[in-house]
Amino acid sequence: MRKAFLTLFYSGLSPKAPGTVGSFVALIMGVALLQFVHESTLFLLCLLISAIAVKQIDIYEKEVGIHDGKEIVIDELAGMWLALSICGITNENIFYLAPLAFLFFRLFDIWKPSIIGKIDRDVKGGWGVMGDDLLAGLAAGIAASGTYQLIEKFIL
């Protein structure tokens, strides 16, 4: 059960780009959930999953002896849902904002600028695994919202 949770229903076991696959699964799940719940509920679910994930990652890392294994993608879910919950997504703009949030999240998660990279390098355990993705999600949500505002003002 722990492995299914941490690998986001085994999407993290993808042989190629497990983080991107996990992020895409999280995007689909988040967009589907947003059809039924308010973005504030998605935000709270992100926090709840993050709290559970930190503890489960600590246990898993002790079992396998590896920090931030590639198969762990629950952090991608938390980051992606955080981005979706703060970018101002609605049914009217979902087809613009969801892809923007995904692209910015992957950009910040891979590039790891500034404090995102520092957390990834220096913080150990579950908080290290989750922390960089939560900050990447925060940055992605802000960037997606700002980019959408510019697109809406000058193009749409």
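Preceding block: the structure.
Note that residues are indexed from 1 along each chain, following the sequence as it is written. Only residues with pLDDT of 70 or above have their local features reported here, since the model is predicted, and side-chain atom pairs are shown and tallied only from 80 upward, although totals for entire chains, interfaces and linings are computed over all residues. The basis for every side-chain value is the complete set of non-hydrogen atoms in the structure, without hydrogens or water.

Undergrad: Looking at this structure, how should I read the environment of glutamate 71?
TA: Helix and strand labels come from DSSP, where a helix needs a run of H or I of at least four residues and a strand needs a run of E of at least two; each type is numbered from the N terminus. With respect to the helices and strands, the residue glutamate 71 is situated in the loop between α3 (39–64) and α4 (74–86). Each residue's exposure class comes from its accessible area (1.4 Å probe, protein chains only) as a fraction of the maximum for that residue type: buried when under 20%, exposed when over 50%, partly exposed otherwise. For glutamate 71, a relative accessible area of 19% gives the class buried. By definition in these notes, contact holds between two residues if any of their heavy atoms fall within 4.5 Å. Beyond its immediate sequence surroundings of up to four residues, glutamate 71 is in contact with Leu6, Thr7, Gly12, Leu13 and Tyr60. Looking at glutamate 71, its side chain comes within polar contact range of the side chain of tyrosine 60, at 2.7 Å. Polar contact is the term for a pair of N or O atoms within 3.5 Å; when the atoms are in protein, one must be able to donate a hydrogen and the other to accept it, and sequence-neighboring residues count only if both atoms are side-chain atoms.

Undergrad: For this particular structure, what's the right way to read unusual backbone geometry?
TA: Glycine aside, a negative phi is what most residues show, and trans is what most peptide bonds show. Positive phi, normally seen in glycine, also occurs at alanine 17, with a value near 50 degrees. Considering the arrangement of structural elements, one finds alanine 17 in the loop between α1 (2–6) and α2 (18–34). Residue alanine 17 is classed as partly exposed on the basis of its relative accessible area, which comes to 42%. Of note, the phi angle at serine 114 is positive, near 50 degrees, even though the residue is not glycine. Tracing the backbone through its elements, the reader meets serine 114 in helix α6 (residues 114–122). We classify serine 114 as exposed; its relative accessible area is 66%.

Undergrad: It is not clear to me how the side chain of arginine 106 should be interpreted in this structure. Could you clarify?
TA: Considering the arrangement of structural elements, one finds arginine 106 in helix α5 (residues 94–111). Polar contacts involving the side chain of arginine 106 include one to the side chain of aspartate 109, which spans 2.7 Å. Not counting the four nearest positions on each side in its chain, arginine 106 is found in contact with Gly19, Thr20, Ser23 and Glu76.

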